[in-house]
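Structural characterization, general
Read off the chains here:
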Amino acid sequence: MSPKPRVDAIEITDAEPAQSPGHCSAAVQVSLADGRQFSILAATPSWFAEAFAKAGLDYYFGPLVLFVRTMDLGLVRRAVTEMVKDGDQWLCRHDTPRTTLSKVLAEFKAKHP
């Protein structure tokens, strides 16, 4: 088991739509004390279901998504704290090049019509 990483900062960026934290997607930027940075795709289940249906997708495999009930910094902070309690493996698994879930789904649809 790896040592527990120390989280220096957590930021929610690129919220879509920003005015609706109960129904949106966003990127969660996590900075660790050792200088590493992770970008995690996050969404509420309702936003993901709607975007999935609008895209007409039958399936999805791609970067992992952190699902949260609402895009609230406190809730996201709790999720990230749980992710790092036994090491950095979950941050590494969820890390995605800085992008948005909307773009990821559009790219997926283009590759898998």
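Throughout what follows, the structure given in this document is the object of discussion. (Residues numbered from 1 in each chain as written. Predicted model: local features only at pLDDT ≥ 70, side-chain atom pairs only at ≥ 80, totals over all residues. Heavy atoms only, no water.)

**Observations regarding the sheet that holds strand β2 (residues 25-32)**
- Across the sheet, which stays open at both edges, the four strands sit in the order β1-β2-β3-β4 with mixed pairing between neighbours. Each edge of the open sheet carries a strand with a single partner, namely β1 (7-16) and β4 (65-67). Adjacent strand axes in the sheet meet at a mean angle of 35 degrees, parallel and antiparallel pairs treated alike.
- Across three bridges, the pairing between strand β3 (residues 37-43) and β4 is parallel. Across the sheet, residue L41 finds its bridge partner in β4, namely V65.
- Where helix α2 (residues 73-84) meets the sheet, its contacts fall on β1, β2, β3 and β4, and the angle it forms with β1 comes to roughly 130 degrees.
- The strands that helix α4 (residues 101-111) touches are β1, β2, β3 and β4; relative to β3, the one it contacts most, it runs at about 75 degrees. (Pairing = 2+ DSSP bridges. Helix = DSSP H or I, 4+ residues; strand = E, 2+ residues; numbered from the N terminus. Axes fitted to C-alpha atoms, helices over the stretch in contact; angles between N-to-C directions. Contact = heavy atoms within 4.5 Å.)

**Quick word on unusual backbone geometry**
- With omega at -15 degrees, the peptide bond leading from E16 into P17 counts as cis.
- By secondary structure assignment, the location of P17 is in the loop between β1 and β2.
- Phi is positive for D14, close to 55 degrees, though the residue is something other than glycine.
- Within the element layout of this structure, D14 appears in strand β1.

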